[in-house]
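# A look at the structure
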Amino acid sequence: VATNGFSLGNAVLGNGQYHAADLEKRHIYVISPYTGKLLRYNMDARTITVVADLPVPGPYPPYAGFGHTVLAWDSINRVLFWPHDPQFGGPITLYIYHPDTNTWEKDPMLQPQSLPVVGNHAVFDPAQNALLVIGGAPQPPGTPRYFFLYRYGTGSGPPPPPPPAPPSAPPPAADLTA
């Protein structure tokens, strides 16, 4: 950590992995593909802490959905989303980590038209209080592609702070002709 790196053997932790940033608490979350642990990096203390075991069994490795982890931080509800894809291109299950209780919640991510929810990219939009899951493994030609929008809870957490106000316009120039 002192050299801004953390390694296990000759592999850099987080190499090829997604991370999620809780900017309010200045934490970065990543899943170790080697141990099956959820890790938290404290940006101020420059320390890494093992915070939880993953809610699914290993092995770690070989690939069991850990070699390509997707994470997103929900800044409204203050939870970590892990859309877990155990088959790399198959249907995903959403696991939700609650840092305040150090617990995982499982959500099957059901879709109203009974389409399987797939995706290998995720982003949380705090303005819409929504997780967007997109992408996936190659499909046969003609297979439609979908975006999946997911809202967790009521969004009852306090909203993120508003963006800073734009700079004010300079005052009008004085009239020197009078």
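Report on the accompanying structure. Given the structure is predicted, the values throughout are model-derived calculations rather than measurements.

This part takes up the sheet that holds strand S12 (residues 130–134). With antiparallel pairing, three strands are arranged side by side in an open sheet as S11-S12-S13. In this open sheet, the two edge strands, each paired with only one partner strand, are strand S11 (121–125) and strand S13 (148–150). Neighbour to neighbour, the strand axes of the sheet diverge by 20° on average, direction disregarded. Pairing of S12 with S13 involves three bridges; the strand directions are antiparallel. By the bridge assignment, Leu-131 is partnered in S13 with Tyr-150.

All right, on to the pattern of salt bridges then. According to the stated counting rule, one finds three salt bridges in the structure shown. One salt bridge in this structure joins Arg-26 and Asp-44, with 2.7 Å as the shortest N-O distance. Here Arg-26 is found in the loop between strand S3 (19–22) and strand S4 (27–31), whereas its partner Asp-44 is found in the loop between strand S5 (37–42) and strand S6 (47–53), with 18 residues between them in sequence. Exposure remark for Arg-26: the relative accessible area of 35% places this residue in the partly exposed category. In this structure, the salt-bridge partner of Lys-37 is Asp-53, at a minimum N-O distance of 2.3 Å.

With that settled, consider the sheet that holds S5. Hydrogen bonds between backbone atoms are what pair the strands of a sheet, whose relative direction is either parallel or antiparallel. One open sheet holds the four strands; their spatial order is S3-S4-S5-S6, and the pairing between them is antiparallel. Each edge of the open sheet is held by one strand with a lone partner, namely S3 and S6. Across this sheet, the average inter-strand angle for adjacent strands is 25°, counted without regard to direction. Bridging between S4 and S5 involves five bridges; their strand directions are antiparallel. Along S5, the bridge assignment pairs Ile-31 with Leu-38.

A word on unusual backbone geometry. Phi is positive for Arg-46, which is not a glycine, with a value near 55°. Tracing the sequence through the fold places Arg-46 in the loop between S5 and S6. The backbone of Arg-78 shows a phi angle near 55°, a positive value even though the residue is not glycine. With respect to the helices and strands, Arg-78 occurs in the loop between strand S7 (72–74) and strand S8 (79–84).

Our next topic: the packing of aromatic side chains. Inspection of the entire model under this criterion finds eight aromatic pairs. Ring geometry for Phe-81 versus Tyr-152: centroids 6.0 Å apart, planes at 75°, classification edge-to-face. With a gap of 71 residues between them, Phe-81 in strand S8 and Tyr-152 in the segment after S13 connect regions that are remote in the sequence.

Within the secondary structure, Ile-28 sits in strand S4. For Ile-28, a relative accessible area of 23% translates into the label partly exposed. Between the C-alpha atom of Ile-28 and that of Met-43, which follows or precedes it by 15 residues, the distance is 7.4 Å. Filtering out sequence-adjacent residues up to four positions away, Ile-28 remains in contact with His-19, Ala-20, Ala-21, Leu-39, Arg-40, Tyr-41 and Met-43.

This paragraph deals with the pairing of strand S10 (residues 103–107). Note: strand S9 (residues 93–98) against S10, five bridges, orientation antiparallel. Looking at S10, one finds that Tyr-97 is bridged to Trp-104.

This next bit is on the environment of Trp-82. Assignment of secondary structure puts Trp-82 in strand S8. C-alpha of Trp-82 to C-alpha of Val-70: the two residues are twelve residues apart in sequence and 6.0 Å apart in space.

This part covers the side chain of His-98. Residue position: His-98 is located in strand S9. For His-98, a relative accessible area of 16% gives the class buried. A polar atom in the side chain of His-98 sits 2.8 Å from the side chain of Glu-105. Contact partners of His-98, with chain neighbours within four places excluded, come to Val-79, Thr-103, Glu-105 and Tyr-152.

Analysis parameters
Chains are numbered independently. Their residues run from 1 in the order of the written sequence. The predicted nature of this model means local features are confined to residues of pLDDT at least 70 and side-chain atom pairs, given and counted, to a pLDDT of 80 or more, with totals for whole chains, interfaces and linings taken over all residues. Side-chain measures here rest on the full set of heavy atoms in the structure, leaving out hydrogens and waters. Any two strands with at least two DSSP bridges between them are considered paired. Here a helix means four or more residues in a row that DSSP labels H or I, a strand means two or more in a row labelled E, and each is numbered from the N terminus. To obtain an axis, a line is fitted to C-alpha atoms, over the contacting stretch when the element is a helix, and the angle between two such axes runs from 0 to 180 degrees between their N-to-C directions. A pair is scored as a salt bridge if a Lys or Arg side-chain nitrogen falls within 4 Å of a carboxyl oxygen belonging to Asp or Glu. Partly exposed describes any residue whose relative accessible area lies between the buried limit of under 20% and the exposed limit of over 50%, with all areas from a 1.4 Å probe on protein chains only and scaled to the type maximum. Whether two aromatic rings pair depends on their centres lying within 6.5 Å, for rings of Phe, Tyr and Trp, where Trp uses its six-membered ring; planes under 30 degrees apart make the pair stacked, over 60 edge-to-face, and the rest tilted. We call two residues in contact whenever any of their non-hydrogen atoms come within 4.5 Å of each other. Side-chain atoms alone can form a polar contact between residues adjacent in sequence; in general such a contact is a pair of N or O atoms within 3.5 Å, and within protein one must be able to donate a hydrogen while the other accepts it.

Structural measurements only, silent on function.
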